[in-house]
Amino acid sequence: AKKPLSVLTTADVAAYRDERLRQVKASSLHRQFCIIKHAAKIAEEEWGWDACSHIFNAIKIKRKPPSGVRRLSKADTQSLIHAAASCRNRLMQPLITLALETGMRRGELLSLEWGAVDFNHHQINLQKTKSGYPRQIPMTHMSEGVLKGLWKASESQGGLVFNLSPNAVRLAFERIRQ
């Protein structure tokens, strides 16, 4: 902020990067640089400023690669399902089973309505997703069996499949994991 954009150099930005990396993680700095780069690009393209956005493209930020993905073993999966069966909340076992079978996120499961479950075509039609784009999820025999069991036990057979709050699911899942 102490230097006009017209005299800013790659070396200045690199020095700032090195100084900032002593204060924040590389992933945080990368996100911050994305904002700065975007602002400089908008300033050049839309406002006609000489913002030198190309300087930011030359700066590299070394980030640690993401840690390895841990997959549940069959034994872990069975232990999790078994522990969920003894949970006070009777919906946790079907919720976990459905999550494992479909790969649906917690938010997708908790916003799932019976109208989105298509037993005739053996699929779940999600309208509310993290990406914002609708998607269809094929049902396995196990997931279809779980949903049919919930359907039969459901009083209204309309509305939400799982009438639970995200926090209730999180707390119950932590207890089940332990």
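Here, every reference points to the structure presented above.
Described below are features of the structure shown in this document. Everything numeric in this text was worked out from a predicted model, so none of it was measured.

The strand order across the open sheet formed by 3 strands is β1-β2-β3, and the pairing between neighbours is antiparallel. Each of the sheet's edge strands pairs with one partner strand only, and the pair in question is β1 (117–118) and β3 (135–138). Of the strand pairs in this sheet, β1 and strand β2 (residues 123–126) are connected by 2 bridges, and their pairing is antiparallel. Its bridge partner lying in β2, valine 117 is registered against isoleucine 124.

Judged by nonpolar contacts, the single largest core of 29 residues is most densely connected at Met92, Leu112, Ile124, Leu147, Val161 and Phe162. Of all the secondary-structure elements, those providing two or more residues to this core are α4 (74–85), α5 (92–102), α6 (106–110), β2, α7 (141–153) and α8 (166–177). Among the elements that take part in this core, α5 stands out by supplying 4 residues, more than any other. Apart from the residues lying within four places of it in its own chain, the contact partners of isoleucine 124 are Thr102, Met104, Leu112, Ala116, Arg135, Gln136, Ile137, Met139 and Leu147.

On to the environment of leucine 171, then. The topology assignment puts leucine 171 in helix α8. Overall, leucine 171 belongs to the partly exposed group, its relative accessible area being 34%. On a C-alpha basis, the gap between leucine 171 and isoleucine 81 in space is 16 Å, while along the polypeptide they are 90 residues apart.

We now examine α7. The terminal C-alpha atoms of α7, which comprises 13 residues, lie 18 Å apart, in line with the 18 Å expected from a rise of 1.5 Å per residue. Of the positions making up α7, those classed as buried are Ser143, Glu144, Val146, Leu147 and Leu150. Down the axis of α7, the sector holding all buried residues measures 160°, keeping them to one side. Residues His141 and Lys152 are exposed on α7 and point more than 90 degrees away from its buried face. Against α5, β1 and β2 lie the buried residues of α7.

As for its position among the elements, arginine 17 is in helix α1 (residues 10–20). Excluding residues that lie within four positions of it along the chain, arginine 17 makes contacts with Leu29, Phe33, Ile59, Lys60 and Ile61.

Inspection of the entire model under this criterion finds 5 aromatic pairs. Ring centres of tyrosine 16 and phenylalanine 33 lie 6.3 Å apart, and the angle between their planes is 10°; this geometry places the pair in the stacked category. With tyrosine 16 in helix α1 and phenylalanine 33 in helix α2 (residues 26–45), this residue pair connects regions lying 17 residues apart in the sequence. On the basis of relative accessibility, which here comes to 2%, the residue phenylalanine 33 falls in the buried class. Among the aromatic side chains, those forming a connected cluster through ring pairs are Tyr16, Phe33 and Phe56.

What counts, and at which threshold
Residues numbered from 1 in each chain as written. Predicted model: local features only at pLDDT ≥ 70, side-chain atom pairs only at ≥ 80, totals over all residues. Heavy atoms only, no water. Pairing = 2+ DSSP bridges. Helix = DSSP H or I, 4+ residues; strand = E, 2+ residues; numbered from the N terminus. Core = buried A, V, L, I, M, F, W, Y, C linked by side-chain atoms within 4.5 Å. Buried < 20%, exposed > 50% of the residue type's maximum accessible area, 1.4 Å probe, protein only. Contact = heavy atoms within 4.5 Å. Expected span 1.5 Å × (residues − 1). Arc of directions from axis to C-beta. Phe/Tyr/Trp six-rings, centres within 6.5 Å; stacked < 30°, edge-to-face > 60°.

Interpretation in functional terms is not warranted from these geometric data alone.
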